[in-house]
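Structural overview
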Amino acid sequence: MTDIALLQFAHILGLVYWLGADLGVFYSSFVLCDDRKPTAVRLSAAKMLFALDQAPRVSMTLMLPLGVHLAVRLGYITAPGWIVPLTWALALAWLAMVLILHFRAHGGKLAWLTTVDFVFRTGVVVTLLGFSGAALLGLITGFSAWAAIKLAIFAGLVVCGLLVRVRLRPFGPAFAALAAGEAGEAENTAIRRSIGGTRPFVVAIWIGLLVNTALGVHLL
C-alpha cells in the first residue's frame, strides 16, 4: 500500500468519525434539552454527548494535515519541503490542546488554554482564508483552485465550530445547575436556547463536509 493510499484511508476515516459522531451528538442534544425527562436521563445523554463530541474535535485537527499532505503528494499544492512537516507539527499541537482540555480541564481549570485554543483556531481560519483567497485571485502560485476551495471550506468549518462555542457560553452554568439537581425554568431555558442556537452551525458543518468530500472525489 502506498503512502498516498494510507493518507486517503486516514482522510476517509476522519470524515466517517467526524460526521458519524456528530450525528450522535446532535441526537443526544435533544434528550438533554427535554426538561420533561428525568434528570438522570438528561445527564446520561449529556455524558454520551460529551464523549461523542471528542471524535469531531479530534477529526478536525487531523483532517487539515491529512488534506494538505495529500494535496502536496498529488500535486494540487506545490510547496517547499518544510510545509508538510510544519502543518503536521501545528496540527499535533492543536490535537494536544483538544485532548488536554477534554481530560484535564474540569471545574474551570485551564481556562487560559481554552482561550489559547480559540485564538489558535482563529489563526487557522485567517491563514487558510488568506492562502486560498490569494490563490484564487492569482496572487500566489502553487495552489490549484481545487485545493484553494477545499481549504476555504475547511476554514468555514472551523468558523462554524467557533460560533458553536460562542452560542454555548450560557450552557456551562445552566448545566452545572442541572447536574446539581438545582435547575429551574431559567436554567432549562438557557440549556434549550444555547444548544438550539448551535444547530444551524452544526448543519452548516455537515454541508461543508459533504461538499468537500464531493470535491475530493471529483463529483464537483
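Source: prediction; values computed, not measured. (Residues numbered from 1 in each chain as written. Predicted model: local features only at pLDDT ≥ 70, side-chain atom pairs only at ≥ 80, totals over all residues. Heavy atoms only, no water.)

Focus on unusual backbone geometry
For His218, which is not glycine, the phi torsion reads 60° and is therefore positive. In this structure, His218 sits in the segment after helix 8 (185-216). (Helix = DSSP H or I, 4+ residues; strand = E, 2+ residues; numbered from the N terminus.)

Observations regarding the nonpolar core
Formed by 22 residues in total, the largest nonpolar core has its most connected members in Trp18, Met60, Leu64, Trp94, Leu128, Phe154 and Leu157. Broken down by secondary-structure element, the contributors of at least two residues to this core are helix 1 (3-33), helix 3 (54-74), helix 4 (83-103), helix 5 (111-136), helix 6 (145-167) and helix 8. Residue contributions to this core peak at six residues, all from helix 6. Among the nonpolar cores identified, the runner-up in size contains 11 residues, and Cys33, Leu49, Ala174 and Ile191 belong to it. (Core = buried A, V, L, I, M, F, W, Y, C linked by side-chain atoms within 4.5 Å. Buried < 20%, exposed > 50% of the residue type's maximum accessible area, 1.4 Å probe, protein only.)

Focus: the state of the cysteines
What the rule picks out here adds up to zero disulfides. In this structure Cys160 is not part of a disulfide, and its nearest cysteine sulfur, from Cys33, lies 19 Å away. A relative accessible area of 12% means that Cys160 is categorised as buried. (Disulfide = S-S within 2.5 Å.)

Some details on the pattern of salt bridges
Going through the model one piece at a time under the given rule, you end up with seven salt bridges. Arg36 is the salt-bridge partner of Asp34, the closest N and O atoms lying 3.0 Å from each other. With relative accessibility at 15%, the residue Asp34 sits in the buried group. Between Arg121 and Asp117 there is a salt bridge; the shortest N-O distance is 2.7 Å. Here Arg121 and its partner Asp117 are both found in helix 5, four residues apart, which amounts to about one turn of the helix. Both residues of the pair, Arg121 and Asp117, count as buried. When salt bridges that share partners are traced, they join Asp35, Glu185 and Arg192 into one network. (Salt bridge = Lys/Arg side-chain N within 4 Å of Asp/Glu carboxyl O.)

Regarding the packing of helix 1 against helix 3
One way to put it is that helix 1 packs onto helix 3 with a least axis distance of 9 Å and a crossing angle of 150°. Relative to helix 3, the element helix 1 is oriented roughly antiparallel. Relative to helix 3, the crossing made by helix 1 is left-handed. On the side of helix 1, the interface is formed by Asp3, Ile4, Leu7, Gln8, Ala10, His11, Gly14, Leu15, Tyr17, Trp18, Ala21 and Asp22, while helix 3 contributes Ala55, Pro56, Ser59, Met60, Met63, Leu66, Gly67, His69, Leu70, Arg73 and Leu74. Looking at side-chain class alone, the contact of helix 1 with helix 3 contains 14 nonpolar, six polar and three charged residues. (Axes fitted to C-alpha atoms, helices over the stretch in contact; angles between N-to-C directions. Parallel < 35°, antiparallel > 145°, perpendicular 65-115°, else oblique. Left-handed = near helix turned anticlockwise from the far one by under 90°. Contact = heavy atoms within 4.5 Å. Nonpolar A, V, L, I, M, F, W, Y, C, P; charged D, E, K, R; others polar.)

Here's the deal with the confidence of the model for the chain
Mean pLDDT for the chain: 93, with 98% of residues reaching 70 or above. Averaged pLDDT values for the elements of the chain fall to 93 in helix 7 (residues 171-179) and rise to 96 in helix 6. (pLDDT = per-residue confidence, 0-100.)

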